[in-house]
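Tertiary structure, described
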Amino acid sequence: MTARSKIEARKLDFFYGSKHVLKGLDLACPEKSVTAIIGPSGCGKSTFIRTLNRMNDVVAGTRLAGRILLDGADIHDPEMDPVELRRRVGMVFQKPNPFPKSIFDNVAYGLRINGERRRGRLEEVVEKSLREAALWDEVKDRLRENAFALSGGQQQRLCIARALAVRPEVILFDEPCSAIDPIATARVEDLIQRLKTEYTVVIVTHNMQQAARVSDYTAFLMLGELVEFGDTKTIFTAPVRKMTEEYITGRFG
Amino acid sequence: MNKRALRNLKEKSVRTFFFLNGLLAVVVLAGIFLLLLVSAVPAFREIHLREFLFTKTWDPTSPLKETYGILGQIASSVLVTLGAMILAVPVGIGVAAYLSDVAHARVREIVKPAVEILAGIPSVVIGFLGIVLIGPALAKLFGLGHGLNGLNGSLLLAVMSLPTIISISEDSLSAVPPAYGEASLALGGSRWQTLVRVKLPAALSGIIAAVMLGMGRAVGETMTVLMATGNARAFPTGLMQSLRTMTSNIAIELGEVPYFTTHYYALFAIGLVLFIMTFLVNMVADIVLHKYQQRES
Ligand SMILES: Nc1ncnc2c1ncn2[C@@H]1O[C@H](COP(=O)(O)OP(=O)(O)O)[C@@H](O)[C@H]1O
Ligand SMILES: [Mg+2]
């Protein structure tokens with residue numbers, strides 16, 4: 001692997017109370033590429049990507065050991081402000097979660113909390129982000145409408161636009177298509193493919209075909225341990241470990 | 001066959017029972033309203049409604065000319081209530097936000113019941129505190145002869161409406177889907193920004209309802225204001241004056257008024273005005289709360 005790693009976990013352990021959920025994970029996500037995290041339900045995929053932007057900080061009773069490096073800098077360093085970190089490492093959740101606000105206000109949210117008030121600038125970024133999320137044409141005449149008026153797939157693309165608006169460096173997707181229909185899924189996958197020219201993307205997915213379609217690299221997790229990591233083609237055609245092969249051919253999970 | 005018939009009968013009687021209970025509540029409410037109305041109407045054989053509502057002077061026992069103007073009492077009620085809300089709303093929302101957002105589970109488990117116990121303190125005890133504690137303190141602080149005035153009443157009513165405001169606001173803040181907060185944090189929002197820009201707006205209708213209900217409690221409260229506000233009849237020009245609210249006036253005079261006189265009927269008319277005012281406040285709260293629950297589902 002020649003690509004520079006953008007964000008990486010080193011000897012990462014994670015606990016919910018006494019429950020050991022991630023066990024000595026070593027995983028580096030290469031810059032400007034799509035890394036897929038696959039594995040059976042409950043193996044710690046969500047937990048893992050939530051450690052990358054410190055979203056687990058807000059969950060009581062959790063403990064983390066090991067290091068996570070963003071551009072080589074430890075994200076748990078006292079110098080690193082978690083709020084600032086989350087501006088650099090954005091996240092799109094499993095279930096679309098727009099705010100109960102207008103479409104425009106949803107996308108503008110990240111800028112506004114950063115103190116941006118200039119109307120022109122906001123409009124510019126909202127349009128650009130909605131275009132990037134392939135939603136602009138569908139909503140350009142109804143930006144004042146409540147986001148809940150959109151379909152599930154549109155809401156998910158709105159959440160992507162909202163994440164893009166703050167210009168993060170890394171975007172984390174936690175099963176972004178599990179709550180939307182196949183056509184919307186195709187659009188989101190298409191979108192993720194295009195994002196990697198500018199962003200580093202990490203996507204958790206339950207769907208093997210999706211991992212094969214959208215990702216450049218794939219990590220296979222089992223019971224909180226990394227079983228295998230490599231470029232997607234290798235993982236799907238010539239995995240080294242027997243367990244990986246059995247999982248991707250659908251013999252369990 | 002027999003079994004099913006029996007079960008049907010049981011279903012039916014249970015349903016009828018609950019229906020009757022609901023009906024009872026409505027009947028009692030309607031009954032109170034009717035009683036007030038019937039007892040109030042005779043007052044207007046001698047008093048013009050306009051005079052009643054818009055005259056400042058209330059002097060039903062004057063040897064010269066009896067006057068029945070309740071504007072001063074309405075103003076007093078409004079003034080004391082508004083004062084109470086100005087004090088209680090920021091504190092109440094602040095505490096609710098703290099409980100739902102910041103406090104550890106252990107703290108919440110102590111504070112929430114404590115707040116609910118506060119709601120159960122008899123109003124006469126609160127009024128007592130107004131006389132022996134707040135009154136002297138206000139007198140000293142502002143260099144007054146005594147501290148039985150509007151501000152004293154407002155402070156006490158604020159304390160009394162806080163449990164309602166805190167409890168219902170906290171409920172509606174806790175009902176905000178956690179996904180909203182997560183979305184805001186993931187975009188680089190601080191906890192404060194997340195609270196102010198996402199959670200409070202999402203809980204707004206519940207909070208408005210909480211404030212309205214707290215206000216309804218304050219407007220109708222009698223014993224506390226009776227004890228703490230000094231009960232002067234003069235038209236109030238500020239919270240630093242002694243003033244007499246509608247509730248106090250009824251409580252003071254109803255025990256001594258000769259029955260079936262205009263004065264007697266006029267006191268019921270004040271009660272009717274009060275009833276309508278609290279009814280409106282509660283109705284607005286209910287409508288807002290309903291709208292909120294509908295949107296959530
Ligand atoms: N907040 C939590 N508290 C306690 N245990 C949790 C919590 N979240 C997840 N877990 C547990 O951690 C394990 C990994 O969960 P998760 O990361 O959600 O898996 P995945 O996303 O791969 O399905 C599961 O066994 C799950 O039950
Ligand atoms: Mg998951």
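Now for a description of the structure that goes with this document. Since we're looking at a predicted model, the values are computed, not measured.

**Observations regarding the overall build of chain B**
Across its full length, chain B holds 12 helices and two strands. On the principal axes, the C-alpha backbone points of chain B span a range of 70 × 70 × 30 Å. Relative to its full complement of 297 residues, chain B shows a buried share of 43%. Here chain B displays about 16,000 Å² of accessible surface, and carbon together with sulfur accounts for 70% of that area. The distance from the centre of the 22 positive side-chain charges to the centre of the 16 negative ones in chain B is 8 Å.

**Description of the site of ligand 1**
All names here are of chain A. Around ligand 1, the structure places Tyr-16, Lys-19, Val-21, Ser-41, Gly-42, Cys-43, Gly-44, Lys-45, Ser-46 and Thr-47. The side chain of Lys-19 places a nitrogen or oxygen atom 3.1 Å from an oxygen atom of ligand 1. A distance of 2.9 Å separates an oxygen atom of ligand 1 from a polar atom in the backbone of Lys-45. Considered on its own, ligand 1 offers 560 Å² of accessible surface; in the complex 63% of this is hidden by protein. The residue inventory of the shell around ligand 1, partitioned by class, reads three nonpolar, five polar and two charged.

**Comments concerning the environment of Asn-53 of chain A**
On the secondary structure map, Asn-53 of chain A appears in the loop between helix H1 (45-52) and strand S4 (62-70). Expressed as a C-alpha distance, the spacing of Asn-53 of chain A and Val-170 of chain A, which sit 117 residues apart in the sequence, is 9.4 Å. Beyond its immediate chain neighbours, meaning those up to four positions away, Asn-53 of chain A contacts Leu-85, Arg-86, Val-89, Met-91 and Leu-172 of chain A together with Ala-186 of chain B.

**Thoughts on the packing of helix H5 (residues 123-142) of chain B against helix H6 (residues 150-174) of chain B**
Residues and elements named next belong to chain B. For the pair H5 and H6, interaxial distance at closest approach is 9 Å and the crossing angle is 135 degrees. It follows from the interaxial angle that H5 and H6 lie oblique. As for the relative orientation of H5 and H6, their crossing is right-handed in sense. Here H5 contributes Ser-123, Ile-126, Gly-127, Gly-130, Ile-134, Gly-135, Leu-138 and Phe-142 to the contact with H6, which in turn contributes Leu-151, Asn-152, Leu-155, Leu-156, Val-159 and Met-160. Here the contact of H5 with H6 is composed, by residue class, of nine nonpolar, five polar and no charged.

**Brief notes about a nonpolar patch on the surface**
Residues and elements named next belong to chain B. Residues Leu-118, Ile-121, Val-124, Val-125, Phe-128, Leu-129, Ile-131, Val-132, Leu-133, Val-159 and Met-223 make up a contiguous nonpolar surface patch of about 840 Å² in total accessible area. Per-element accounting of the nonpolar patch gives the leading share, seven residues, to H5. One can find Val-159 in helix H6. The exposure class of Val-159 is partly exposed, given its relative accessible area of 33%.

So, how was this worked out
- Residues numbered from 1 in each chain as written.
- Chains lettered and ligands numbered in written order.
- Predicted model: local features only at pLDDT ≥ 70, side-chain atom pairs only at ≥ 80, totals over all residues.
- Heavy atoms only, no water.
- Helix = DSSP H or I, 4+ residues; strand = E, 2+ residues; numbered from the N terminus.
- Buried < 20%, exposed > 50% of the residue type's maximum accessible area, 1.4 Å probe, protein only.
- Areas by Shrake-Rupley, 256 points an atom, 1.4 Å probe, with all protein chains shown as cover.
- Lys, Arg positive; Asp, Glu negative; His and termini not counted.
- Charge placed at Lys NZ, Arg CZ, Asp CG, Glu CD.
- Near = heavy atom within 4 Å.
- Polar contact = N/O pair within 3.5 Å; in protein donor to acceptor, adjacent residues only side chain to side chain.
- Nonpolar A, V, L, I, M, F, W, Y, C, P; charged D, E, K, R; others polar.
- Contact = heavy atoms within 4.5 Å.
- Axes fitted to C-alpha atoms, helices over the stretch in contact; angles between N-to-C directions.
- Parallel < 35°, antiparallel > 145°, perpendicular 65-115°, else oblique.
- Left-handed = near helix turned anticlockwise from the far one by under 90°.
- Patch = residues over 30% accessible without salt bridge, like charges linked within 9 Å, V, L, I, M, F, W, Y side chains within 5 Å.
- Salt bridge = Lys/Arg side-chain N within 4 Å of Asp/Glu carboxyl O.

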